[in-house]
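Structure assessment
Here are the chains, one letter per residue:
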Amino acid sequence: MMIIRVRSKDGTFRFDLDPTADAGQLGKKIAESAPNIDPATITISNQPRGGETPLSTLDGRTIGELGLRHGDMIFASYDYVSEPSTNGAPPPSHPPSVAPVASAAPVPAEPITAVPAKRPWEDVKEDPVDDYWRDKDGKIPRQRDPQFCKHGANAMCDYCMPLEPFDAKYHAEHSIKHLSYWAYLRSKASGQSAAATAGLPPLDNMSYRVKIPCPSGTHASWPGGICSKCQPSAITLQPQPFRMVDHVEFSSSTLIDRFLSAWRKTGSQRFGILVGRYEPYPEVPMGIKAVVEAIHEPPQEGEVDGLTLGLPWDDEARIKELAAECKGLQMLGVIFTDLTPDEEDRSKLVCKRHADSFFLSSLETIFAATLQLSHPNPSRAAPSGTFSSRFVTCVLSGTPEGGIDVACYQASEQACAMVDADIIEASVEPGIVRVKEESSSRYVPDVFYRYKNEYGLDVQQTAKPSFPVEYLLVTVTHGFPTNPNPAFISTAFSIENRPGLEDQDISKVVAELSRLGANAVLSPRDARTNPTKAQQIVTYLSDWHLLAFLGTVGILPPDDMRVIAGAVTAPSLESTEGMEAIAKRDGWQTLMAIVGTHSPPMAARPPPPSSGDVGMDDDFGIPEDFDVPAETVTEGAAIGTKTCPHCTFDNPADATDCMICGLPMD
């Protein structure tokens, strides 16, 4: 037996429970702790506020599987039911006999046949990188210490045993500022079994909203009333100990160069959507990196000192679907430029973002938090099925040396929660965030932040009316691979939404496919017999901007686009399987029919041999036409007709204007 402490609105209680007892036994004891408790409304949590789990969803699980140990305290909440009317009848002298019913229908049979109710987080489909780390222990291996280890090669001690992925000393020694998401999750679930973590998810999203309706049910909902049960707690801003993405990797430097080409030609700022995938990042314990494979530019109007765009844009759903068809790619974040040439030396840029000014302005931080709220991260470690976001924000700006560099950030959980509750707003000073005034429809809790004063003391100060934006940022590293292997090989096609600078036209696609001789590959057999040509076609089609454009011309149906997108994303150029799959599609046949009408005429066959018999299977040439004297043609053409000098149509001899083009004949 062990003692479990339960704190509720009626006080703190201690219950003796067996570790193998069903969770329903805990619910019965809670229901008996106070009169008129509705058992169906009982929820439990491992923290005073947030993370509540209905007890009814834990049927069939034992107390031990929930991760509860001797002396643990849990927090329970519930609603009351009104007392049943007795109509003046005296209360029964003894409770109804239930023992005979129990003997007639044994109680232990119910848990065996009962099916536990599905919980919201159990059916969540996580990212493949989460599935990868979920199956790993994530521990940091260490080599045998020659100074302190006194054991043999097959033994282990405290100096060489693997470290937990959240070990603080290891992170400090390797200058790792933040825990990875999975290391943070392991630190939260430390000492608990996997079944306990599944029973009570350890993570919960922050919320600074007033709870509507109030859980106590004793007053009208906000703004009609408020109490300690429904109002959010005071906010103390502090650095976030973890980050959802540890590194941003651009698959090729060409991505940045092509994105910057618009600014280099026009001087206007640009905005793009990062498209790629998430992969394990071995440089950080249980780390995750965002691999960027393409930058898609939505409709926008660039200016010298900013830009205007609307999100979401009309084509966003199609772009998301296309990315998923490209072997599971997705939107990873956004990137924009903030570049200003130096007036004294136009070849260098002004460094506006540094430690003495700001790294990400208050407006950009709120914008980043808004995007992260619209792109939540699916997670089975949170009761809601989502936790935080992996959406990143990258900025291209000037360096102190006058060059261009990328900086990557994320808005913290507190920033997202404050934006969601409409508590903060941008200010004129880019490095300062303003706290909004409280109104009849907006409740603003107390906000504080801590800093070290000139004496090195830790001081807490109110954040009203403003506070530094650095308290809401999480820094993310970035880089490029040593051996680039991008998913999209070609960069020849024009980039979308650059009118007047780069125009996308189907005639360019037809002309290039005609130059490659694509109309000769009309079947899988053609692809196998012409592997070089098939490789050239797949290489040309392996272009994100070309794929995004082909989905708008109406030639290729959605099913064919799905096959083409999968075949040309990270293709294997040593095999013709991708081209074979494309050649089977009817949409490809239609496109090749168009290419055939624009193809140049085939070269003339060689002349026949000068002597010898010509067989049926031998090549033969068509004799050239006999020369006709020019005066004969002129006389013949002049009889009854007059040729238009503009369109060469033969008009009647007495016509003054051409019947086809309407231009004068003279």
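Reference entry: report on the structure contained in this document. Keep in mind that what you see is a predicted model, and the values were worked out from it rather than measured.

Cut-off values and rules
Every chain's residues receive numbers from 1 upward, in the order its sequence appears when written. Given that the model is predicted, a residue must reach a pLDDT of at least 70 before its local features are reported, and side-chain atom pairs must reach 80 or more before they are shown or counted; all residues, however, enter totals for whole chains, interfaces and linings. The side-chain figures draw on all heavy atoms in the structure; neither hydrogens nor water molecules are used. Numbering of helices and strands starts at the N terminus; helices are DSSP runs of H or I of at least 4 residues and strands are runs of E of at least 2. Any residue under 20% of the maximum accessible area for its type is buried, any over 50% is exposed, and the rest in between are partly exposed; the area is computed with a 1.4 Å probe on protein chains only. Strands are labelled as partners when DSSP assigns at least two bridges between them. Helix axes are fitted only over the stretch in contact, all axes being lines through C-alpha atoms; the angle between N-to-C directions runs from 0 to 180 degrees. Residue contacts follow a heavy-atom distance rule, with two residues in contact if any of their heavy atoms lie within 4.5 Å. Directions are taken from the helix axis to each C-beta atom, and the arc is the one they span. Pairing of N or O atoms within 3.5 Å defines a polar contact, subject to two protein rules: one partner must be a possible hydrogen donor and the other a possible acceptor, and residues neighboring in sequence count only if both atoms are side-chain atoms.

Next up on the list: the environment of I319. Looking at where I319 falls in the secondary structure, it is placed in helix α9 (residues 316–325). Judged by its relative accessible area of 1%, I319 falls in the buried class. Between the C-alpha atom of I319 and that of G551, which follows or precedes it by 232 residues, the distance is 9.4 Å.

The strand order across the open sheet formed by three strands is β17-β18-β21, and the pairing between neighbours is antiparallel. Every interior strand has two partners, whereas the edge strands, β17 (424–426) and β21 (466–468), have only one. Direction aside, neighbouring strands of the sheet carry axes that sit 35° apart on average. Alignment of strand β18 (residues 432–435) against β21, held across three bridges, turns out to be antiparallel. Within β21, the residue paired with I432 across the bridge is P468. Running over the sheet, helix α10 (residues 362–374) touches β17 and β18 and is turned about 130° from β17.

Moving on to helix α1 (residues 23–32). Along α1, the residues classified as buried are A23, L26, G27 and I30. The arc that holds the buried residues of α1, viewed along the axis, is 100°, so those residues lie on one side. Where α1 is buried, its residues touch β1 (2–8), β2 (11–17), β3 (43–45) and β5 (73–77).

Here the focus is the side chain of Q300. Structurally, Q300 is set in strand β12 (residues 300–302). Judged by its relative accessible area of 13%, Q300 is buried. Within polar-contact distance, the side chain of Q300 engages the backbone oxygen of F271 at 2.8 Å. Within polar-contact distance, the side chain of Q300 engages the backbone oxygen of P298 at 3.0 Å. Excluding its chain neighbours within four sequence positions, the residues that come into contact with Q300 are Q269, R270, F271, L307, T308 and L309.

Let us look at the environment of G272. For G272, the location among the structural elements is in strand β10 (residues 271–281). Relative accessible area serves as the criterion here: at 0%, G272 is assigned to the buried category. Along the primary structure G272 and P298 are separated by 26 residues, whereas in three dimensions their C-alpha atoms are 6.6 Å apart. With residues up to four places along the chain from it excluded, the contact list for G272 reads F259, I295, H296, E297, P298, G333, V334 and I335.

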